[in-house]
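Chain and residue survey
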Amino acid sequence: MPGLAAERVLLVGLGESGEFGDNTYRDALRAAANALKELGAADATLAIADLKVARRTLAWNVHQAVGVFREAYYRFDRLKTQKKAPAHRLAAVTLAVTSGAVPAAAEHALKEAVATADGVELARTLGNLPPNICTPAYLADEAKKLAREFKLQIEILEQRDMEKLGMGALLAVTRGSRLPPKLIVLRYSGGAKKQKPIVYVGKGITFDTGGISLKPAGEMDEMKYDMSGAGSVLGAMRALAGMRAPVNAIGLIPTCENMPGGNATRPGDVVTTLSGQTVEILNTDAEGRLILCDALTYAERFEPEVVIDIATLTGACVIALGHVASGLFANDQKLADEIKAAADEACDKVWQMPLWEDYQEQLRSNFADMANIGGRPAGSVTAACYLARFTRSMRWAHLDIAGTAWKSGREKGSTGRPVALLTRFALRHVGRKA
Ligand code: BES
Ligand code: MN
Ligand code: ZN
């Protein structure tokens with residue numbers, strides 16, 4: 001390589017040229033990032049960012065390069081007393097474009113990608129924080145910090161507000177906990193005044209013991225991630241505000257703990273939701289849908305363009321789709337298609353599941369308008385069907401992220417999904433190309 005000014009050259013295999021696509025491009029980026037980390041490189045020029053990836057633009061390539069690098073370099077060591085020496089600091093990465101001038105879209109993608117990565121990191125860190133630190137009050141404080149930093153409007157509803165409104169389902173979940181619940185309303189207005197907002201609703205259970213329907217002990221620590229939906233909403237709000245996206249978005253976060261205790265809800269209790277419908281709580285471990293149904297009813301008052309809820313809702317979704325795709329449910333096919341397109345662009349996969357009325361009968365109750373569980377068959381579908389009963393007046397989609405929000409085992413940790421998807425969705429919705 002005559003005339004090369006670089007001290008070292010890192011060669012990255014790209015595989016068969018005929019098979020070069022999204023996954024191989026991202027794998028190559030990840031391999032490069034991990035090798036640079038291993039070397040402790042302080043700066044690097046990346047010469048693979050302008051390779052042609054089938055169906056993709058240079059702007060997309062740039063976006064992915066930033067995303068994959070930031071993901072690889074993420075660390076969560078604030079709770080370790082012995083921090084590894086920061087030999088791994090990469091101060092600058094240059095993305096080389098060899099053919100002609102850099103299109104404005106690619107420059108713009110850089111800004112969007114950095115803001116998106118900031119949002120993903122926020123969601124990851126909130127997920128990784130332990131449940132004795134990341135409490136409902138902590139999430140509310142994080143939202144306040146975002147509001148201050150990015151000039152967002154914020155309102156926090158307290159327990160007495162929920163009581164006044166009649167949020168009987170949310171209140172039933174928080175009963176067993178010593179910590180006060182919060183309902184966070186965070187508003188970013190980057191779009192035209194008359195443009196209706198996208199409302200994101202995130203499940204914010206900061207720890208899910210199951211309540212009186214107590215979970216088994218094994219891996220129960222992972223239920224600290226049960227606020228990942230909430231984290232992804234804060235992450236997406238941060239991303240959109242950080243890039244000053246021309247959209248109106250509202251983040252709505254019902255957050256509390258699900259604990260057993262003398263004051264906890266019993267299996268068999270019947271409560272009245274904010275919508276007026278009554279629910280027989282047959283299993284206190286199906287708590288996500290209980291806090292979400294009241295938040296979804298509350299979302300109606302914002303007259304949303306669309307509502308998307310994000311929740312680590314069912315173990316059944318992990319069985320159905322594993323850790324690859326989030327489950328997608330929607331009462332509007334156009335909205336589902338938009339989300340699928342955004343997921344494809346963001347490499348943040350979803351797979352659509354049915355919401356057919358046929359499943360609704362599984363929620364039948366002898367004592368109330370509905371039960372909060374539908375039995376073992378199609379567990380993630382009946383959970384979505386439950387939510388559908390509270391969103392009939394709106395264009396609504398539900399993302400079950402139980403399998404995608406975090407990793408178990410040696411690599412245990414939050415993934416920050418689906419912040420990239422939520423951010424991309426909002427940008428696409430107002431006509432921004434990837
Ligand atoms: N937070 C859990 C869902 C979950 C379980 C996510 C395992 C990731 C891994 C949720 O609150 C829950 O407990 N759901 C129950 C519902 C059941 C009682 C109908 C479940 O999936 O077992
Ligand atoms: Mn549960
Ligand atoms: Zn839960």
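Residues numbered from 1 in each chain as written. Chains lettered and ligands numbered in written order. Predicted model: local features only at pLDDT ≥ 70, side-chain atom pairs only at ≥ 80, totals over all residues. Heavy atoms only, no water.

Quick word on the coordination of the manganese ion (ligand 2)
Every protein donor of the manganese ion (ligand 2) is accounted for by D208 (OD), D285 (O), D285 (OD) and E287 (OE), and the metal-donor separations fall at 2.0 to 2.2 Å. Here the manganese ion (ligand 2) binds six donor atoms, and the angle range of 70 to 168 degrees at the metal identifies the geometry as irregular. Distance-wise, the zinc ion (ligand 3) is placed 3.2 Å from the manganese ion (ligand 2), both being coordinated by D208. In this pair, D208 sits in strand β6 (residues 204-208) while E287 sits in the loop between β9 (278-280) and α8 (288-299), placing the two residues 79 residues apart along the sequence. Comparing D208 with E287 shows no difference in burial state: the two are buried. (Donors = N, O, S within 2.8 Å, 3.2 Å for Na, K, Ca; no water. Tetrahedral: all angles 85-135°; square planar, octahedral: opposite > 155°, others 65-115°. Helix = DSSP H or I, 4+ residues; strand = E, 2+ residues; numbered from the N terminus. Buried < 20%, exposed > 50% of the residue type's maximum accessible area, 1.4 Å probe, protein only.)

Thoughts on the coordination of the zinc ion (ligand 3)
All of the protein donors around the zinc ion (ligand 3) are K203 (NZ), D208 (OD), D226 (OD) and E287 (OE); their distances to the metal are 2.0 to 2.4 Å. Taken together, the six donor atoms coordinating the zinc ion (ligand 3) span angles of 78 to 175 degrees at the metal, a pattern that classifies the geometry as octahedral. Mapping the donors of the zinc ion (ligand 3) onto the primary sequence gives the spacing K-x4-D-x17-D-x60-E. On the accessibility criterion, K203 (1% relative accessible area) is buried.

So, the packing of helix α3 (residues 104-128) against helix α12 (residues 419-429)
The interhelical angle for the contact between α3 and α12, taken along N-to-C directions, is 140 degrees, at an axis separation of 9 Å. Between α3 and α12, the angle is such that the two are oblique. As for the relative orientation of α3 and α12, their crossing is right-handed in sense. In this structure, α3 contributes E112, T116, G119, V120 and A123 to the contact, and α12 contributes V419, A420, T423, R424 and L427. In the contact of α3 with α12, the residues fall into five nonpolar, three polar and two charged. (Axes fitted to C-alpha atoms, helices over the stretch in contact; angles between N-to-C directions. Parallel < 35°, antiparallel > 145°, perpendicular 65-115°, else oblique. Left-handed = near helix turned anticlockwise from the far one by under 90°. Contact = heavy atoms within 4.5 Å. Nonpolar A, V, L, I, M, F, W, Y, C, P; charged D, E, K, R; others polar.)

A short note on the environment of E71
With respect to the helices, strands and loops of the structure, E71 is situated in helix α2 (residues 58-73). Exposure remark for E71: the relative accessible area of 36% places this residue in the partly exposed category. Residues E71 and E121, spaced 50 residues apart in sequence, show a C-alpha to C-alpha distance of 7.9 Å.

What about the nonpolar core?
Y200, L234, I308, I339, L399 and F425 are the most contacted members of the largest nonpolar core, which has 56 residues in total. Examining the composition of this core, we find that eight residues originate from one element, helix α7 (residues 228-242), more than from any other. Apart from the residues lying within four places of it in its own chain, the contact partners of L234 are L122, L126, L139, E142, A143, L146, L186 and I253. Residues I205, L292, C293 and Y386 belong to the second largest nonpolar core, which totals 49 residues. (Core = buried A, V, L, I, M, F, W, Y, C linked by side-chain atoms within 4.5 Å.)

Observations concerning the side chain of E257
Summarising the element assignment, E257 is placed in strand β7 (residues 248-258). Buried and without a salt bridge, E257 has R178 as its closest oppositely charged side chain, separated by 8.7 Å. A polar atom in the side chain of E257 sits 2.7 Å from the side chain of S177. Residues contacting E257, with those up to four places away along its chain left out, are P136, V173, T174, S177, L179, T206 and F207. (Lys, Arg positive; Asp, Glu negative; His and termini not counted. Salt bridge = Lys/Arg side-chain N within 4 Å of Asp/Glu carboxyl O. Polar contact = N/O pair within 3.5 Å; in protein donor to acceptor, adjacent residues only side chain to side chain.)

The values reported here are purely geometric and, on their own, carry no functional implication.
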